[in-house]
Each structure stands twice: as structure tokens, then as C-alpha cells.
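# Topology and contacts: notes
Below, each chain spelled out in residue letters.
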Amino acid sequence: DTGVSQDPRHKITKRGQNVTFRCDPISEHNRLYWYRQTLGQGPEFLTYFQNEAQLEKSRLLSDRFSAERPKGSFSTLEIQRTEQGDSAMYLCASRQAGEQYEQYFGPGTRLTVT
Amino acid sequence: AQSVTQPDIHITVSEGASLELRCNYSYGATPYLFWYVQSPGQGLQLLLKYFSGDTLVQGIKGFEAEFKRSQSSFNLRKPSVHWSDAAEYFCAVGAERDDKIIFGKGTRLHILP
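A short tour of the structure in this document, coming up. (Residues numbered from 1 in each chain as written. Chains lettered and ligands numbered in written order. Predicted model: local features only at pLDDT ≥ 70, side-chain atom pairs only at ≥ 80, totals over all residues. Heavy atoms only, no water.)

## What about the interface of chain B and chain A?
Accessible area lost upon the coming together of the parts is a frequently used measure of interface size. As a reminder of what qualifies: Contacts are assigned to residue pairs that have any heavy atoms within 4.5 Å of one another. Summed over both partners, buried area is the accessible surface (1.4 Å probe) that two parts give up on being assembled. One speaks of a salt bridge when a side-chain nitrogen belonging to Lys or Arg is within 4 Å of a carboxyl oxygen belonging to Asp or Glu.
Of the residues lining the interface, 22 residues belong to chain B; the matching set on chain A comes to 21 residues. With both sides pooled, the region where chain B packs onto chain A buries about 1700 Å², and carbon together with sulfur makes up 53% of that total. Of all residues in chain B, Leu-44, Asp-99 and Lys-100 of chain B give up the largest surface area on contact with chain A, accounting jointly for 33% of the area buried on that side. Along the contact surface separating chain B from chain A lie 2 salt bridges.

## A few points about the packing of aromatic side chains
Put simply, the test is: In this scheme Phe, Tyr and Trp rings, the latter by its six-membered ring, pair at centre separations within 6.5 Å, and the angle between planes marks the pair as stacked below 30 degrees, edge-to-face above 60, and tilted otherwise. Each residue gets one of three labels from its accessible area relative to the maximum for its type: buried under 20%, exposed over 50%, partly exposed in between, using a 1.4 Å probe on protein chains only. Over a ring means this: the NZ of a Lys or the CZ of an Arg is within 6 Å of the ring centre and within 35 degrees of the ring normal.
Applying the stated rule across the entire model yields 18 aromatic pairs over all chains. Seen from their ring centres, Phe-45 of chain A and Tyr-48 of chain A are 6.3 Å apart, and the 55° between their planes marks the pair as tilted. Phe-45 of chain A sits in the buried class, given a relative accessible area of 7%. Through successive ring pairs, a cluster of aromatic residues spans Tyr-33, Tyr-35, Phe-45, Tyr-48 and Phe-105 of chain A together with Tyr-32, Phe-34, Tyr-36, Phe-51, Phe-90 and Phe-103 of chain B. Over the face of the ring belonging to Phe-74 of chain A we find Arg-22 of chain A, whose NZ or CZ atom lies 3.9 Å from the ring centre.

Right, here's the structure in full:
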């Protein structure tokens, strides 16, 4: 059972640097989601894809954030010109459209911006 | 607006005692409801879900939850907690036509030996 995987698990970067995270969903899942979780909060929706199409973006996803899923398999989330407020856990989830809605979550990437 | 409220930020119970974690939601459509658990450094694991039908839902690890439409609640229960249940618990709501899940802020469960 190869669940959702995320890489890296931890990233420390200096303010102003760019970072990129990768998510590999469960192989047969065509929907992929990104969430952000800050300390003491529940996960907040950022964006999601069906295959390679990005179908919805949250207002939380500023212009510095970009997500791609070029071949409908893995996805990347890039943050440009990182700010301290970007420090958070970035969670990826996937599911198969048509099934009863359950999203399977990866372990997350913890970003620390110094 | 869609929202989930978990009124208890922290709960402490003794090992072997019963547990109830509260969750209230606000959602315009017929909701899908979830409880997830997150251990330190881990991702989210689904404990149970409600889509329709029987309002008492059984989940993994001995947890159950009851959907009460009149109270807009979906409380999580366990008759006897184990030390390994110490974790953060998130209630969440979604809907068939709205593909994102809205999470509450979580309840951290502490277990006394």
C-alpha cells in the first residue's frame, strides 16, 4: 500500500527564498488537494486538481504560490519570495472522483521560514 | 458561511475513562462529516465518516460518532480510552458538490495514566 507521499518532510529556508514541495498521490486517484496547517489550527484548503486541471484555488493562495500537476500524477507547490508567515505544515491529499468523498492525506511538509 | 466549531481546545481524561469530543457545524447543504486524528509529526488519519443513513457511525480504533441534524452536531465518542489515543482530533465537513473539506481547529486529547 503506497499511500500519499510528500517530499521533503521538513524544509528550513530563509525569508525571500523560493521553495518547492512535491506530492505523489495514490496512483489511481485523479483528484489531488493541497492544504495548509498552521500551529493550533486545522488544515485550510488551498487548491485542488482533477487530473492536470486546477479546478479551484482558495483566496489563501496568494500570487506567490503556484501549484501544478503537469501529467495528472504528482503535483508541486511552489512558494516564491517566502515570508515568515508562510511557516506551516503543507498537506497533500488525494481521492478518486466518484467515490464517497474520502480524502487520503500524506504526512505533510513542514516549512520553517527564518 | 461554512464552518466547524470544536469548542474544546484541550481535553484531559484518565486512561480507561469514557470520552466525548464535541463538534458543531454550519453548512447550507446536506453535509458529509468526518473525524480525523493527527499524532505528532504524522498526517491525518480518518477515524470515521458520515454520508447518509444510520446516524450512529462506527469507526476505527473503537470510536463512534452520532450525527444529530437538529443540533448540527457530530460528536465523537469512545467508551474507554487508551494511552495511545493521545493526539489531536479534527472534525471536518464537506459536501458532494463542494470538493474541499472544512476543518475545525482541533481538540488535543491528553490521557492521564
